[in-house]
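Listed below, chain by chain, are the residues.
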Amino acid sequence: MVEKLVAGGRISDEIYLALMSVAEGNSHTAASAAAVLWPDKEGQWLAAIPALKKAMPGLCMLGDYDPELRRGPAIWLKCAIAGLLPEIQFDGVPVVYLPGVSRAELRDIESCPRELQPLAELQYRGVFWSQANAKDWTISAFLGSKNGGLGLDVAQDPATQVALSQALQAGVLLECNLEDLKGRTINAEWLLSLLAPNPTRDILQWMNEPELTRQKWGDVLWDVFVKRCKSDFGFDPIADGELVAAERLAHGAGKWAAVAVFYRDSFGSFPNVYPRLAKIQPPNMGLFPDQEQLAGYPQANEQGEAALRYTLSACSGMEALQARSAVTAADKEHGLRRGWLWARMGQSPLAVSLEHLAELAQRSATLPIGKTSTELASSYQESGWQVDQAVLKALACVHTKNDLDAVSAAIRAMYLPWLEETARRLQEAVKDSGGLSTLQVKNVAEPLGETCTVFVDGLRYDVAKRLEQRLSVLGTTNLSVCWTSMPSVTASGKAWCSPVAGFITGSQEDVDFEPRVATDGKPLSSHNFRKLLNEHGINPLEKHETGDPQGSAWTEAGDLDHYGHEHGTRLARDMETQLDQVVERVTELCGAGWKRLRIVTDHGWLLVPGGLPKSELAKHQAETRWGRCAVLKNSAHGTPLTFGWDWCKDVQIAYAPGVASFIAGAEYAHGGISLQECLVPILQLECAGEAESSDTVTIQSVTWKGLRCTVVVNGTSAGQQVDIRTKAALASSSLAASAKALEGGKASLAVADDDQMGAVAVVVVLSSDGNVLQKCSTTVGEQ
């Protein structure tokens, strides 16, 4: 028996077997065949020859002279078969493919063309590969014949015959497995599915780059694509063009619904489709349109954004109550657009921002409750901070000036009155009590062994809530609060929250709020501050230094305050990037072995788009004037909000009332008296140790199919999940639409953004409390 060169039962293998079986002939004959002649008058098999040559070194063909391709005229072939050409050697019986030549032409020697006569003689010493009825093998005949062929069920209609030829030319037919074809009817529809297995993607690919795609496909695949468009989608790409395709896609009816779904899932792969969709006008649906039917039209979304921009801008002339009502009504009208594809594509920033504006409208209707600073702080911790968070999130959604102006108008109308009244209540409480607090010696009294204190400049309470959520994957967190020093500025507050606060004091000469070392009276410069830390057994760490986890340390991370002063409202948009710096530093320290981290800050801040209200303070009264506070000269009269500096009560400081600023136009400021500036967080993190043995898991396999990933994990237990991230410990770096629970040791999850195709990532297994148990590097979409 002749063995296959390639195992697996492919059609190409079966052709090889059939040719070799003919070459063997009758084992009882005295001599083997000199050659196998393969006539093919119609040239149907021509496209298969390059692939067959790889498996059949003895295959040569009639044609123009090209010895490297084992191709040449009849006389050259005769010499090669006779072994007269050293450069052409055959291992076994040669197979001579004869395109354009029929068996009958060779059989009739008298009328045989002169150029073929050298081969005519081989019919007596060789053997033909042809049907039992002496006809040439066609593709359809070989697949369907039970006498020398494969005995498959092949439809005989013209469309199938054309599709067979196309499948052969494209190379897909030869790769089909014989076992898979048994019991199946091979017809035009099935063959076209081989040639174009994903017609929905093909349509989008063509719409994205029509001319380039047609050139890339070539004539065969283009012809198949046109046929499938006509038969499956009722659309002619040649006659109708890409704009008609865009109309069908926007409407999304019938089989075009599948194309629309595919586009929604992978729009990043087809960037030029959106501009075509944007040209399509939505249907006129009267006064009460069905919004879901408009979801496929970018123009409908653009019209909605324009209307919403007008509504939000109009809030600038409204009272707070009226503005809240307008925003709430707008959310009912435009909120559904957040579920449209255009929101995911970043084309609906106002609709996305509106979700947070609606929350601001609802929460800003309630003020912090209490008559004392403690009561107000408790109320703010319970819910008030969510007002500030809603403002930041609303601002983070918009980028262009027109959109930012519209959102800012709505924020200012609802937020500024709430902010003003909240600050006024705290200021009244501070006046009644004479101040916020005394020096918090608990900072030095607390045991700081095996603790690294991480200072983050300007970590406001609502931002600390975000940070706490992100750090929870590293261990157990606890968020508490305290009052910072008055005024709430970095020079005073950084010393106030430090573990050496008890060894620091101030003097009447310190007009820039920078205190001194208590023992020698030296200014608390950066150098003297580090020296003081060292003197009390606390190691000051520079960037990326990790120190000794068995001791105590101080380090600094993040740049929130500097960024806020530099960029104003843009801080809201870039907040996650700013927090990334803190998370990376904390992760680095945890990884170095620190068991306890204590994250502290000096002050919070106010951020009001359009600027804080202006408060007047005569220049001749101030020794030093900042945005929200000023050091008064000895000769100056006190203002209604004048208090002694917490580091030295002899230094009298005037504070701007409410949320006003002594400097006009400031959007970002601190140093005054408000819950946002003065109530500062202390975030404690107990870093998680090694996972228990019961949580030991192994990632067995990671398999990609497009943007969907299937993960198989051994040793799983209840509550564990799988995620795909760019940084293993950062939940915010997730590329997946959401983490998925492991069921039976298996989970399937998808990357949300097509632009991440080919990105380097990490598959992580998470415990029930979010800790990373195991990780495995991967590439998105790798085969």
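Here's what I pulled together on the structure shown here. This is a predicted model, so every value here is computed, not measured. (Residues numbered from 1 in each chain as written. Predicted model: local features only at pLDDT ≥ 70, side-chain atom pairs only at ≥ 80, totals over all residues. Heavy atoms only, no water.)

Concerning the packing of aromatic side chains
This is how the line gets drawn: Only Phe, Tyr and Trp rings take part, Trp by its six-membered ring, and two of them pair if their centres are within 6.5 Å. Stacked means planes under 30 degrees apart, edge-to-face means over 60, and tilted covers everything else. The cut-offs for exposure are 20% and 50% of the maximum accessible area for each residue type, with area from a 1.4 Å probe on protein chains only; residues under the lower value are buried, those over the upper are exposed, and the others partly exposed. Each ring is checked for a lysine NZ or an arginine CZ that lies within 6 Å of its centre and within 35 degrees of its normal; such an atom marks a charge sitting over the ring.
One pass over the structure, following the stated rule, counts 27 aromatic pairs. With 5.7 Å between their ring centres and 85° between their planes, Trp-137 and Phe-142 make a pair best called edge-to-face. Note on Trp-137: relative accessible area 3%, which makes it buried. On the basis of relative accessibility, which here comes to 1%, the residue Phe-142 falls in the buried class. Here the aromatic residues Trp-206, Trp-217, Trp-222, Phe-225, Phe-233, Phe-235 and Trp-256 are joined through ring pairs into a cluster of three or more. A cation sits over an aromatic face here: Arg-460 above Trp-605, 3.9 Å from the ring centre.

Let's talk about the packing of helix 18 (residues 320–334) against helix 22 (residues 401–433)
Convention followed: Lines fitted to C-alpha atoms define the axes, with helix axes restricted to the stretch in contact, and inter-axis angles between N-to-C directions lie between 0 and 180 degrees. Note on conventions: DSSP H or I runs of at least 4 residues are helices, E runs of at least 2 residues are strands, and numbering of each starts at the N terminus. Here roughly perpendicular refers to angles of 65 to 115 degrees, roughly parallel to angles under 35, roughly antiparallel to angles over 145, and oblique to all remaining angles. In this scheme, a crossing is called left-handed if the near helix is turned counterclockwise away from the far one by less than a right angle; it is called right-handed if the turn is clockwise. Every residue pair with non-hydrogen atoms within 4.5 Å of one another is taken to be in contact.
Packing of helix 18 against helix 22 brings their axes to within 9 Å, and their N-to-C directions diverge by 130°. The angle between helix 18 and helix 22 falls in the class oblique. Helix-helix and strand crossings are classified by hand; for helix 18 and helix 22 the assignment is left-handed. Contact with helix 18, carried on its side by Ala-320, Ala-323, Arg-324 and Val-327, involves Ala-410, Ala-413, Met-414 and Pro-417 of helix 22 and no other residues of that element.

Notes on the sheet that holds strand 27 (residues 760–766)
Going by this rule: At least two bridges found by DSSP between two strands is the condition for calling them paired.
Across the sheet, which stays open at both edges, the 4 strands sit in the order 25-24-27-28 with antiparallel pairing between neighbours. Both edges of this open sheet fall to strand 25 (740–741) and strand 28 (772–779), since each of them pairs with a single strand only. Where strand 24 (residues 721–725) meets strand 27, 5 bridges bridge the pair, whose relative direction is antiparallel. When the bridges of strand 27 are listed, Gln-721 appears paired with Leu-766.

Things to note about the pairing of strand 28
Looking along a regular strand, one sees side chains alternate from face to face of the sheet. In this structure, strand 27 lies alongside strand 28, joined through 7 bridges in antiparallel fashion. Directly across from Val-763, in strand 28, lies its bridge partner Cys-776. Adjacent in sequence and paired antiparallel, strand 27 and strand 28 are bridged by 5 residues, among which Gly-770 carries a positive phi angle near 90°.

Let's talk about the state of the cysteines
Our working rule: The criterion for a disulfide is a pair of cysteine sulfur atoms lying within 2.5 Å.
Counted according to the given criterion, the structure contains 1 disulfide. Paired by a disulfide, Cys-590 and Cys-687 hold their sulfur atoms 2.5 Å apart. Classification of the bridge connecting Cys-590 and Cys-687 rests on its S-S torsion, roughly -55°, and on that basis the disulfide is left-handed. Placement of Cys-590 in helix 29 (residues 575–591) and of Cys-687 in strand 21 (residues 679–687) is noted, with a sequence separation of 97 residues between them.

A closer look at the nonpolar core
A general feature of soluble globular proteins is that nonpolar side chains tend to end up buried together. For the record, the criterion: We call a set of buried Ala, Val, Leu, Ile, Met, Phe, Trp, Tyr and Cys residues a nonpolar core when their side-chain atoms join them within 4.5 Å.
The biggest cluster of nonpolar side chains holds 117 residues, and the ones touching the most others in it are Leu-312 and Leu-357. It is helix 22 that provides the largest number of residues to this core, a total of 14 residues. Excluding residues within four positions of it along the chain, Leu-357 makes contact with Leu-312, Val-327, Ala-394, Val-407, Ala-410, Ile-411 and Met-414. Grouped together as the second largest cluster of nonpolar side chains are 45 residues, Ile-139, Ala-188, Leu-191 and Ala-196 included.

Observations regarding helix 1 (residues 11–24)
Operational definition: One less than the residue count of a helix, multiplied by 1.5 Å, gives the span that helix is expected to have.
Across its 14 residues, helix 1 extends 20 Å between first and last C-alpha, which sits within 8% of the 20 Å expected from 1.5 Å per residue. Among the 14 residues that make up helix 1, 11 are buried, leaving the element largely enclosed by the rest of the structure. Listing the buried residues of helix 1 in full gives Ile-11, Ser-12, Asp-13, Glu-14, Ile-15, Tyr-16, Leu-17, Ala-18, Leu-19, Met-20 and Ala-23. In this structure, the buried side of helix 1 is in contact with strand 1 (36–40), helix 2 (49–55), strand 4 (95–99), helix 7 (139–144), helix 9 (172–175) and helix 10 (178–181).

What about the pattern of salt bridges?
Selection rule: Within this document, salt bridges are pairs made up of a side-chain nitrogen of Lys or Arg and a carboxyl oxygen of Asp or Glu, the two lying within 4 Å of each other.
Going through the model one piece at a time under the given rule, you end up with 33 salt bridges. Close ionic contact of Asp-403 with Arg-309 constitutes a salt bridge, the shortest N to O distance being 2.8 Å. One end of the pair, Asp-403, is in helix 22; the other, Arg-309, is in helix 17 (residues 298–313), and 94 residues separate them in sequence. Where Glu-556 meets Lys-494, a salt bridge forms, and the shortest distance between an N and an O atom there is 2.7 Å. A residue pair is termed long-range when its members are at least 10 positions apart, and Glu-556 in strand 13 (residues 552–556) and Lys-494 in helix 25 (residues 490–496) qualify at 62 residues.

A few points about the sheet that holds strand 16 (residues 622–625)
The pairing of strands in a sheet comes from backbone hydrogen bonds and takes either a parallel or an antiparallel form. In spatial order, the strands read 16-17-19-18; together these 4 strands make up an open sheet with antiparallel pairing. Of all strands in the sheet, those with a lone pairing partner are strand 16 and strand 18 (642–645), marking the two edges. Adjacent strand axes in the sheet meet at a mean angle of 35° when their direction is disregarded. Bridge count between strand 16 and strand 17 (residues 629–632): 3 bridges; the pairing is antiparallel. Counterpart to Thr-624 in the pairing with strand 17 is Val-631.

Coordinates in, geometry out; function isn't part of it.
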